[in-house]
Amino acid sequence: MGFLSTLLSSIGFGLGIPAGLVIGYFMFIYFQPNEVQEPISRLVGERNSKDLQRLLPEIPLWVKNPDYDRVNWINRFIFEMWPYLDKAICKMVRDTTMRIAGQYIGQYKIESIEFETLTLGTMQPTLQGIKVFDTQEDEIIIEPILKWAGNPNIIIAVKAFGIRVTVQLVDLHIFTVPRVILKPLVPTLPCFGKISVSLMEKPHVDFGLKLGGLDLMAIPGLYKIVQEIIKEKVAELYLWPKTLEIPIIDDPRAAKKPVGMLYVKVIRAVNLKKMDILGKSDPYVKLKLTGERLQSRKTTVKMSNLNPEWNEVFTFAVKDPNSQVLELLAYDWDKVGTHDKLGMQILPLKYVTAHEPKIFTLELLKTMDPNDPHNKRSRGQIIVELTYNPFKEDDNSVRDYENATEVDKAPEGTPEGGGLLVVIVHEAEDVEGKHHTNPYVTLLFMGEERKTKRVKKNRDPRWEQDFEFMLEKPPVGEKIQVKVLSKGSSFHWHRKEDLGYVDINLSDVVNNKRINEIYHLINSRNGKIHIELQWKT
């Protein structure tokens, strides 16, 4: 009975397979539809957003978002350089990894760790777009969209307990949006002090991992676990606001932190030069410490006085007392037009002894050029007292001034309950007149008008002039009108032209103490103006 059932089973199996193949073939042939329908063709503009997403699942960001720019030239550059970048990066990775791996040889019975194969493949990373932010500060912020569908082949061989095991990384896919900040900007090549990198969102990372030929990612559940672990670890290290900082140059403004405080007391000036035709000078002093990112400090204006006394104290954060210099510039204040320079002088901090106040009497000069013949004429003297107090290691007053945007207090004599409004006119862009372009700026505030100097034949003028308004109360609800004008020559038929204006509400500057913005000019095609406002109390 057993023999018979085995025989019948074999016969049925042998006949069933050929019969099934023959029947299936004829069914496939004879049951095909006689009429094949043509696919429906429609214009791209007639399709809805869902259809477009199915057709183009990976639309570049520069198509979807106008804030992102195309960077085909960078991708072309990377394409041409990739064979050389591959070798250079692999060499750096090999050297760095081997130094770290060498620390584990001899531990945990590990006999050797080495790269059997190391190449990043033939497919280079690409930038899908790049976004640049304008912050009006001494920094550049960019956000590139990085995508890499690479074919690397990285094999690491580990020998332990007498057994040699290889781990292979293949088919690496990365999609990430890093934020790169170049700051601070300094006048030393490459013109930025350090690079700060952070990720704006968790990166997408996909790869294949083989252990001795076995595809580990094919193990059920392991792929998802590894993905989540990688995303979480990377996010812990570099997800914004956490950053990876790479120092580039050792510049006092770029890498160094404050090491002490400098107290400058402007005592008085004597025998200043008379600048006004019908009267004396109206002097004030501007102070600037090299390497300091904040605005210059200024004394009050002493009206009609050639021997003014101030006795005003100013504080600076010192980063390198051996190289930093205090700059002193004396000006004659004018209600209209630019302020005339009475003289200048510099004082290196290396001449100041720590914790010992020292009085300096400085001769004012026209320029710091030792060969300038104008320096032989007497311009008066300025007397200042300097005190430098270095920080102790455990001093709690050590503060980071790298990102300081603080506003100085108002000078003595400011009305109680009021303050000092400072308007700094930096520059303008794309201002153009019909008949001439010699732009200057007028500020109209509470019936008072101030003017900048005129810049001849320039569509992108830079003024860098500041104006002060002493107020008895905060200008809440008030506006200041900033107008850009162009003035032609005396014999020009169209003597003056309006290039655009903007009205700025001052409530924000009272609340925030400082505003630093670029404003679009009204009645101008593309004109913009960069204005900074400060409210000092």
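Reading the values: rules and limits
- Residues numbered from 1 in each chain as written.
- Predicted model: local features only at pLDDT ≥ 70, side-chain atom pairs only at ≥ 80, totals over all residues.
- Heavy atoms only, no water.
- Helix = DSSP H or I, 4+ residues; strand = E, 2+ residues; numbered from the N terminus.
- Buried < 20%, exposed > 50% of the residue type's maximum accessible area, 1.4 Å probe, protein only.
- Contact = heavy atoms within 4.5 Å.
- Areas by Shrake-Rupley, 256 points an atom, 1.4 Å probe, with all protein chains shown as cover.
- Salt bridge = Lys/Arg side-chain N within 4 Å of Asp/Glu carboxyl O.
- Patch = residues over 30% accessible without salt bridge, like charges linked within 9 Å, V, L, I, M, F, W, Y side chains within 5 Å.
- Core = buried A, V, L, I, M, F, W, Y, C linked by side-chain atoms within 4.5 Å.
- Pairing = 2+ DSSP bridges.
- Axes fitted to C-alpha atoms, helices over the stretch in contact; angles between N-to-C directions.
- Phe/Tyr/Trp six-rings, centres within 6.5 Å; stacked < 30°, edge-to-face > 60°.

A. View of the overall build of the protein chain. Regarding its fold elements, the protein chain presents 6 helices and 26 strands. Among the 537 residues that make up the protein chain, the fraction classed as buried is 37%. Expressed as a percentage of contacts within the protein chain between residues at least 6 apart in sequence, the contacts between residues at least 24 apart total 64%. Summing over all exposed atoms, the protein chain offers an accessible surface of approximately 33,200 Å²; the carbon and sulfur share of this is 56%.

B. Geometry of the pattern of salt bridges. Scanning all chains against the criterion turns up 13 salt bridges. Among the ionic pairs, Glu532 bridges to Arg514, the shortest N-O distance being 3.0 Å. Here the residue Glu532 occupies a position in strand E26 (residues 528-536), and Arg514 occupies one in strand E25 (residues 514-520), the gap between them amounting to 18 residues. When its relative accessible area of 2% is taken as the criterion, Glu532 is described as buried.

C. A nonpolar patch on the surface, seen in detail. Taken together, the side chains of Phe77, Met81, Tyr84, Leu85, Ile89, Met92 and Val93 define a hydrophobic patch exposed on the protein surface, amounting to about 640 Å² of accessible area. Locating Met92 in the fold gives a position in helix H4 (residues 72-101). Residue classification places Met92 among the exposed positions, given a relative accessible area of 53%.

D. Structural context of the nonpolar core. Residues Leu421, Ile480, Ile529, Ile531 and Leu533 are the most contacted members of the largest nonpolar core, which totals 29 residues. Those elements that provide at least two residues to this core are strand E19 (419-429), strand E20 (439-445), strand E22 (462-471), strand E23 (479-487), strand E24 (496-505), helix H6 (507-512), E25 and E26. The next biggest cluster of nonpolar side chains, apart from the first, holds 27 residues, and it includes Phe314, Ala330, Leu347 and Val384.

E. Focus on unusual backbone geometry. Even without glycine at this site, Asn271 takes up a positive phi of about 55°. Within the fold, Asn271 resides in the loop between strand E11 (260-270) and strand E12 (283-289). Asn271 gets classed as exposed once you look at its relative accessible area, which sits at 55%.

F. The sheet that holds strand E18 (residues 381-390), seen in detail. With antiparallel pairing, the 4 strands of this open sheet are ordered in space as E14-E11-E18-E17. Edge strands, defined here as strands with exactly one partner in the open sheet, are strand E14 (309-318) and strand E17 (358-363). Averaged over all pairs of adjacent strands, the angle between strand axes in this sheet comes to 25°, irrespective of strand direction. The pairing of E11 with E18 spans 10 bridges and is antiparallel. Bridged to Gly260 within E18 is Pro390.

G. Up close: the packing of aromatic side chains. A full pass over the atoms with the stated rule returns 3 aromatic pairs. Geometrically, the ring pair formed by Trp82 and Trp148 is edge-to-face, given 6.0 Å between the ring centres and 70° between the ring planes. A residue pair is termed long-range when its members are at least 10 positions apart, and Trp82 in helix H4 and Trp148 in strand E3 (residues 140-149) qualify at 66 residues. Between Phe445 and Phe469 the ring centres are 5.3 Å apart and the planes differ by 75°, which places this aromatic pair in the edge-to-face class. Of this pair, Phe445 sits in strand E20 while Phe469 sits in strand E22, placing them 24 residues apart in sequence.

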